[in-house]
Amino acid sequence: MAEQTTSSITVDAPASAVMDVIADFDAYPQWAKGVTRAETRSTFDDGRAEQVFFALDVSPIKDEYTLEYTWDGDREVTWTLVQGKMLRALDGAYGLRDLGNGSTEVTYRLALDVSIPLIGMLKRKGEKILIDTALKGLKKRVESLG
C-alpha cells in the first residue's frame, strides 16, 4: 500500500457486531457520510461481498467507483480500487482488535490517489476527514444497533 493515513476508535461492541455493520454495504447510505449509493456486485461463498459499487459525494471527492474486498474473519477486511472515475487508487483496511471487555478497537487505514492534482498535504487531509467520518459513523451505527 502507498503512503497511508491511519486512525483508530473504540466501539462498545464485540468485533463480530462491528464487522457485521462493515459488511452490510447496502446500509452504508444510511450512516456513512457522503455515500449516496452502495451496491454489492459479487459475493464470496460465505455471503460476504467481493466487489461493491459506491457513489460518493464528499468534497473535494465526488466519484463512482468499485472496490474489491478481502476478508479475514472478524479480524480484518482490506479493499482495493477496481475502477473509478476520479479515483486512481483507494486502498484501505479495517482492523479489529477485541479489547476483552465487550469493546473493539477499530483501526482504519486508507491511501487514496485521484486523477486531479492534489497537494500531498491536501490529500492527507482528505484521507483524514474520510477516515474520521467513517470511524465516527461506524461507531454510532454499531452502538445504536446494540
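Described below are features of the structure shown in this document. Computed from a prediction, not measured in an experiment: that's the story for all the values here. (Residues numbered from 1 in each chain as written. Predicted model: local features only at pLDDT ≥ 70, side-chain atom pairs only at ≥ 80, totals over all residues. Heavy atoms only, no water.)

**Observations regarding the side chain of arginine 141**
With respect to the helices and strands, arginine 141 occurs in helix α3 (residues 120-145). For the buried arginine 141, no salt bridge is present, and the opposite-charge side chain at shortest range is aspartate 24, 4.6 Å distant. In this structure the side chain of arginine 141 is engaged in a polar contact, spanning 3.3 Å, whose partner is the side chain of glutamine 30. In this view, arginine 141 contacts Val21, Ala27, Gln30 and Trp31; residues no more than four positions away in its chain are not counted. (Helix = DSSP H or I, 4+ residues; strand = E, 2+ residues; numbered from the N terminus. Buried < 20%, exposed > 50% of the residue type's maximum accessible area, 1.4 Å probe, protein only. Lys, Arg positive; Asp, Glu negative; His and termini not counted. Salt bridge = Lys/Arg side-chain N within 4 Å of Asp/Glu carboxyl O. Polar contact = N/O pair within 3.5 Å; in protein donor to acceptor, adjacent residues only side chain to side chain. Contact = heavy atoms within 4.5 Å.)

**Quick word on the nonpolar core**
Core analysis: the biggest nonpolar cluster contains 43 residues, and Ile22, Phe54 and Tyr94 have the highest contact counts within it. Per-element tally for this core: the top contributor is α3, with six residues. With residues near it in sequence (within four places) discarded, isoleucine 22 still touches Tyr28, Trp71, Val77, Tyr94, Leu96 and Leu138. (Core = buried A, V, L, I, M, F, W, Y, C linked by side-chain atoms within 4.5 Å.)

**Re empty space enclosed by the protein**
As enumerated under the stated definition, the model contains two cavities of 30 Å³ or more in all. Size it by volume and the largest cavity reaches roughly 380 Å³. Lining the largest cavity are 24 residues, and of these Val35, Leu56, Tyr65, Tyr108 and Ala134 lie nearest its centre. For the lining of the largest cavity, the secondary-structure elements that each account for two or more residues are α2 (28-31), β3 (49-58), β4 (61-72), β6 (87-98), β7 (104-114) and α3. (1 Å grid on protein atoms, 1.4 Å probe; cavity = no way out; pocket = protein on both sides within 12 Å on 5 of 7 lines; lining within 4 Å. Points joined across faces, edges and corners; volume = space filled by probe spheres on them.)

**Some words on the sheet that holds strand β1 (residues 5-11)**
With respect to topology, seven strands assemble into an open sheet ordered β1-β7-β6-β5-β4-β3-β2, the strand pairing being antiparallel. At either end of the open sheet lies a strand with only one pairing partner, and these are β1 and β2 (35-43). Adjacent strand axes in the sheet meet at a mean angle of 20° when their direction is disregarded. Taken together, the eight bridges between β3 and β4 define a ladder with antiparallel strand orientation. The residue of β4 that forms the bridge with glutamine 51 is glutamate 68. Contacting β1, β4, β5 (76-84), β6 and β7, helix α1 (residues 15-23) runs over the sheet at an angle of about 160° to β6. (Pairing = 2+ DSSP bridges. Axes fitted to C-alpha atoms, helices over the stretch in contact; angles between N-to-C directions.)

**Quick look at the pairing of β6**
Looking at chain direction, β5 and β6 are connected through four bridges and run antiparallel. Bridge pairing in β6 links glutamate 76 to glycine 95. Following β5, the chain reverses through two residues before pairing antiparallel with β6. Pairing geometry for β6 and β7, over 11 bridges, is antiparallel. Of the residues in β7, the one forming a bridge with tyrosine 94 is tyrosine 108. Two successive antiparallel strands, β6 and β7, enclose a turn made up of five residues, where glycine 100 displays a positive phi of approximately 85°.

**Notes on the environment of valine 18**
Within the element layout of this structure, valine 18 appears in helix α1. Taking the C-alpha atoms as reference points, valine 18 and lysine 139, 121 residues apart in sequence, are found 8.1 Å from one another. Once residues lying within four places of it in the same chain are set aside, the contact partners of valine 18 are Val11, Ala13, Leu96, Thr104, Val106, Leu138 and Val142.

**Quick notes on the pattern of salt bridges**
Summed over all chains, the structure comprises 10 salt bridges. Close ionic contact of glutamate 64 with lysine 85 constitutes a salt bridge, the shortest N to O distance being 3.2 Å. With glutamate 64 in strand β4 and lysine 85 in the loop between β5 and β6, the pair connects residues that are 21 residues apart, well separated along the chain. Notably, a salt bridge pairs arginine 109 with glutamate 76, separated by 3.3 Å at the nearest N-O pair. With a gap of 33 residues between them, arginine 109 in strand β7 and glutamate 76 in strand β5 connect regions that are remote in the sequence. Using a relative accessible area of 24% as the deciding quantity, one classes arginine 109 as partly exposed. The class for glutamate 76 is partly exposed, based on a relative accessible area of 25%.

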